[in-house]
Amino acid sequence: MPVIQIGRHRIEYSVTTGTSRRYTYFRFRTDKTLEIVLPRGRRVDLDSAIRNRQAWIVKHYERLSQNRRILDEGQVMFDGEHLKLIFEESQEKEELLHDPIRKVVTVRSSERSRIRELVRRWFLKETSRYVVAKLEGLSGMLDVKYSRADVRQMKNWGYCTRDGRLSFNWQLIALPERLREYIILHELAHLSEFNHSSAFKGRLAAFCPDYRQREKELDKITSL
Ligand SMILES: [Zn+2]
C-alpha cells in the first residue's frame, strides 16, 4: 500500500473511484488505513487533494490511534470500551472507583503519577478473576489440562511452557471479550501443539474460526 507521510505519521492509503462525478472523499477504515475515493470520469490531482485535507487526515488518524491505547490522557480501555478517566487530588484514602453505568473511572490520590499504579492493581484483580473463570470453561471445551496459570507483567499477551504452565498479561481485561478469548484459546491450543504449525492453526480454527481477524485486531492495540 502507498504511504503518505504527514508530520510524524506514516499513513497507508488506497485510491478507488466512486460514483460521484464531482467529489473526492476521504475515509478511514478501522485498520487505520485511509481510503481516497475519486470522482468518476474526472481527473483529480491526488497530491493537492491530500494537501487540502491534511488537517482532517491528521485529526482523524490521531483519534483512531488514540482509541487503541489502553491508557491515555483522560481515558482507559476496559472490557473493550473507552472509559473516561478522572483524576481527583486527595490527601486521604487512595482509591480507584469504576462506575460501569456512567462509564467513568475516578482515581483519587495525592499525585497524578499514581494513576498507572492504581489502574494496574485494578486490572490485575479483574484479569485474574477473568482468567480463572475462562480457563475452566475453555480448557474443558478443548479437553486439555494445564499445570498452573498466572497473571503478570509480560511483553506478550499470553505464554505457555512445555510443562503446561500458562501466563497471561495483566492487561487482558482491557480488551474486548472476543480478543481476550482468542488469547486464552491460543495458549490452550499450545498444550496439545507446542508450535505454530498448521496442526496448531487447525486446532485453533476449530474453536475460533476467525482467529486471523482477531489477531489483526489485537495487533492494533497498544498495551501499557
Ligand atoms: Zn503461540
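Residues numbered from 1 in each chain as written. Predicted model: local features only at pLDDT ≥ 70, side-chain atom pairs only at ≥ 80, totals over all residues.

**Student:** Help me understand the overall build of the protein chain in this model?
**Tutor:** Scanning the protein chain for helices and strands turns up six helices and twelve strands. Here the protein chain has a C-alpha radius of gyration of 22 Å; the compact-globule value for 224 residues is 17 Å, and the former is much larger. Projected onto its principal axes, the C-alpha coordinates of the protein chain cover approximately 65 × 55 × 30 Å. Expressed as a percentage of its 224 residues, the buried residues of the protein chain come to 20%. (Helix = DSSP H or I, 4+ residues; strand = E, 2+ residues; numbered from the N terminus. Rg over C-alpha atoms; globule rule 2.2 N^0.38 Å. Buried ≥ 20, exposed ≤ 12 C-beta atoms within 10 Å, placed from the backbone.)

**Student:** How should unusual backbone geometry be read in this particular structure?
**Tutor:** Most peptide bonds are trans, and most residues other than glycine sit at a negative phi. Although it is not a glycine, Lys103 adopts a positive phi angle of roughly 60°. Looking at the element boundaries, Lys103 is found in the loop between strand S8 (95–99) and strand S9 (104–109). Unlike most non-glycine residues, Asp143 shows phi in positive territory, near 55°. Structurally, Asp143 can be placed in the loop between helix H3 (115–142) and strand S10 (148–152). A tally of 9 C-beta atoms within 10 Å means that Asp143 is categorised as exposed.

**Student:** Can you walk me through the environment of Arg165 in this structure?
**Tutor:** You can see Arg165 is positioned in strand S12 (residues 165–169). Each C-alpha atom, one on Arg165 and one on Leu224, is 24 Å from the other, the two residues being 59 residues apart in sequence. Beyond its immediate sequence surroundings of up to four residues, Arg165 is in contact with Ser147 and Arg148. (Contact = placed C-beta atoms within 7 Å.)

**Student:** Even after reading the chapter, I still don't get the packing of helix H4 (residues 177–190) against helix H6 (residues 211–219), so can you show me in this structure?
**Tutor:** Relative orientation and spacing of two packed helices are given, respectively, by the angle between their axes and the distance between those axes. Look at H4 against H6: their axes get within 10 Å of each other, and the N-to-C directions meet at 110°. Of the possible angle classes, the one that applies to H4 and H6 is roughly perpendicular. The handedness of the crossing between H4 and H6 comes out as left-handed. Of H6, the residues touching H4 (which contributes Arg178, Leu179 and Tyr182) are Tyr211, Arg214, Glu217 and Leu218. (Axes fitted to C-alpha atoms, helices over the stretch in contact; angles between N-to-C directions. Parallel < 35°, antiparallel > 145°, perpendicular 65-115°, else oblique. Left-handed = near helix turned anticlockwise from the far one by under 90°.)

**Student:** I keep staring at the packing of H3 against H4 and nothing clicks. Help me out?
**Tutor:** At a closest axis distance of 10 Å, the pairing of H3 and H4 adopts a crossing angle of 50°. Between H3 and H4, the interaxial angle falls into the category oblique. Where H3 crosses over H4, the handedness of that crossing is right-handed. From H3, Tyr130, Lys134, Leu135, Leu138, Ser139 and Leu142 reach across to H4, where they touch Arg180, Glu181, Ile184, Leu185, Leu188 and Ala189. Of the residues that constitute the contact of H3 with H4, the class distribution is eight nonpolar, one polar and three charged. (Nonpolar A, V, L, I, M, F, W, Y, C, P; charged D, E, K, R; others polar.)

**Student:** Is there a simple way to explain H3 in this structure?
**Tutor:** For the α-helix, the turn length of 3.6 residues means that residues three or four positions removed from each other point alike. The terminal C-alpha atoms of H3 lie 38 Å apart, and with 28 residues this matches the ideal 40 Å at 1.5 Å per residue to within 8%. A maximum bend of about 25° is found in H3 at Leu135. Of the residues making up H3, those classed as buried are Val119, Trp122, Phe123, Thr127, Tyr130 and Val131. Those residues of H3 that are buried are in contact with strand S5 (71–72), strand S6 (75–78), S8, S10, S12 and H4. Residue Asp143 follows H3 closely and has a positive phi angle near 55°. (Expected span 1.5 Å × (residues − 1). Bend = angle between axes of the 7 residues up to and from the residue.)

**Student:** Whenever I open this one, the sheet that holds strand S3 (residues 25–28) confuses me. Can you help?
**Tutor:** Here four strands make up an open sheet; going across it, the order is S1-S2-S4-S3 and the pairing mixed. Whereas interior strands pair on both sides, the edge strands pair on one side only; in this sheet they are strand S1 (3–6) and S3. For this sheet the average axis-to-axis angle between neighbouring strands, irrespective of direction, equals 35°. Taken together, the four bridges between S1 and strand S2 (residues 9–17) define a ladder with antiparallel strand orientation. Of the residues in S2, the one forming a bridge with Ile6 is His9. (Pairing = 2+ DSSP bridges.)

**Student:** Would you mind showing me how to read the pairing of S2 here?
**Tutor:** Hairpin connection between S1 and S2: a loop of two residues separates the two successive antiparallel strands, and Gly7 in this loop has a positive phi of roughly 60°. Here S2 pairs with strand S4 (residues 34–38) via five bridges, running parallel. The residue of S4 that forms the bridge with Tyr13 is Leu34.

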